Amino acid sequence: IVLLQVEKEQNLEVLDKTVVQNHQFTFSGQQDSVMECTVTYIIKGNKMGATFFLENGQIKMDLSNETSHITGTPHNNTYQQFLNKINAIYAQIGNVYNETPENESDENQEKITKEKVDSLRRIGNRLIDQTIHDNIDNPVGYYLFCRFSQRLNAEQQEKIINKLPVHFRRTSTI
């Protein structure tokens with residue numbers, strides 16, 4: 001079973017559900033506006049979920065145990081491109097911890113690892129900031145701002161909030 005859900009007051013509310021047949025499933029209907037949703041599914045006993053943007057068009061979901069890819073519409077394509085880039089950065093950070101520089105003292109190895117991780121985090125933060133900035137007027141930018149705003153100080157948050165369209169500023173999250 002695949003559940004189509006939306007977050008309401010910090011809980012997921014089921015909008016629709018369907019059954020997977022031959023590794024495929026379908027939801028259909030028309031949307032008045034784009035909305036952030038979650039698709040929830042179970043693979044090998046593990047409950048999984050993926051965020052996507054419900055909008056008119058052919059949304060293609062490749063849901064798996066490791067990572068999901070959701071594309072086919074403008075907002076989902078933008079969000080998937082962001083996820084591909086940020087996940088690659090996070091993978092690089094993970095690889096740094098698995099690397100062991102040879103002929104270095106433990107103290108120097110720690111310093112080298114910290115410098116590499118800090119550099120990659122800065123690259124990730126710039127990607128997040130740029131994607132929010134580039135999409136501030138649409139649901140992708142709003143979603144990313146809400147998800148990552150805790151890393152910003154109050155002044156930075158206020159600057160972004162002032163650029164948000166009015167309908168986003170009136171939400172309970174803001």
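Everything numeric in this text was worked out from a predicted model, so none of it was measured.

Q: Give a detailed account of the environment of Ile136, specifying residues and quantitative values.
A: If you trace the backbone, Ile136 turns up in the loop between α2 (106-134) and α3 (139-148). A residue is classified by how much of its surface remains accessible, and Ile136, at 14% relative accessible area, is buried. In this view, Ile136 contacts Gly141, Ile160, Lys163, Leu164 and Pro165; residues no more than four positions away in its chain are not counted.

Q: Can you break down the side chain of Thr51 residue by residue, with the values?
A: Turning to its location among the elements, Thr51 is positioned in strand β4 (residues 46-54). One polar contact links Thr51 to Tyr143, side chain to side chain, over a distance of 3.4 Å. Contact partners of Thr51, with chain neighbours within four places excluded, come to Glu36, Cys37, Thr38, Ile70, Tyr79 and Tyr143.

Q: Now, about α2: what can you tell me, with residues and values included?
A: One turn of the α-helix equals 3.6 residues, which is why residues spaced by three or four share an orientation. Over its 29 residues, α2 extends 42 Å from the first C-alpha to the last, a length consistent with the 42 Å expected when each residue adds 1.5 Å. Among the residues of α2, those classed as buried are Gln109, Thr113, Val117, Leu120, Gly124, Leu127, Ile128, Thr131 and Ile132. Of the surrounding elements, those touching the buried residues of α2 are α1 (74-98), α3 and α4 (154-163).

Q: Explain unusual backbone geometry to me, and be specific about the residues and the numbers.
A: The phi dihedral of Asn22 is positive, around 55°, even though this residue is not glycine. Classification of Asn22 as exposed rests on a relative accessible area of 72%.

Q: Requested: an account of the nonpolar core, with residues and values cited.
A: With 24 residues, the main nonpolar core has Tyr79, Phe82, Ile132 and Leu144 as its most contacted residues. Mapped onto this core, the elements with two or more residues apiece are α1, α2 and α3. The dominant element in this core, judged by the number of residues it contributes, is α1, at seven residues. Those residues within four positions of Tyr79 in sequence are excluded, and the remaining contacts are Thr51, Phe53, Val140, Tyr143, Leu144 and Arg147. Ranked by size, the runner-up nonpolar core spans eleven residues in total, among them Val2, Met48, Leu54 and Leu63.

Q: Quick one: what's the story with the pairing of strand β2 (residues 11-18), residue by residue and with numbers?
A: On a regular strand, each side chain points to the face opposite its neighbour's, so the side chains alternate between the two faces of the sheet. One ladder, built from seven bridges, connects strand β1 (residues 2-8) with β2; its direction is antiparallel. Within β2, the position partnered with Gln5 by the bridge is Val14. Linkage of β1 to β2, two consecutive antiparallel strands, is achieved through a turn of two residues, within which Glu9 is found at a positive phi near 50°.

Q: Now, about the packing of aromatic side chains: what can you tell me, with residues and values included?
A: In this description, a pair of aromatic rings is defined by centroid distance and the angle of the planes. With the rule as written, the count across this model stands at seven aromatic pairs. Between Tyr79 and Phe82, the ring centres sit 6.4 Å apart and the planes meet at 20°, which makes this aromatic pair stacked. Of this pair, Tyr79 and Phe82 both sit in helix α1, separated by three residues, roughly a single helical turn. Each member of the pair, Tyr79 as well as Phe82, carries the same accessibility label: buried. Measuring from centroid to centroid gives 5.6 Å for Tyr79 and Tyr143, while their planes differ by 85°, and the two rings are edge-to-face. You can see Tyr79 sitting in helix α1 and its partner Tyr143 sitting in helix α3, a full 64 residues away along the chain. With respect to class, Tyr79 is no different from Tyr143; both count as buried.

Reading guide: rules and limits
Residues numbered from 1 in each chain as written. Predicted model: local features only at pLDDT ≥ 70, side-chain atom pairs only at ≥ 80, totals over all residues. Heavy atoms only, no water. Helix = DSSP H or I, 4+ residues; strand = E, 2+ residues; numbered from the N terminus. Buried < 20%, exposed > 50% of the residue type's maximum accessible area, 1.4 Å probe, protein only. Contact = heavy atoms within 4.5 Å. Polar contact = N/O pair within 3.5 Å; in protein donor to acceptor, adjacent residues only side chain to side chain. Expected span 1.5 Å × (residues − 1). Core = buried A, V, L, I, M, F, W, Y, C linked by side-chain atoms within 4.5 Å. Pairing = 2+ DSSP bridges. Phe/Tyr/Trp six-rings, centres within 6.5 Å; stacked < 30°, edge-to-face > 60°.

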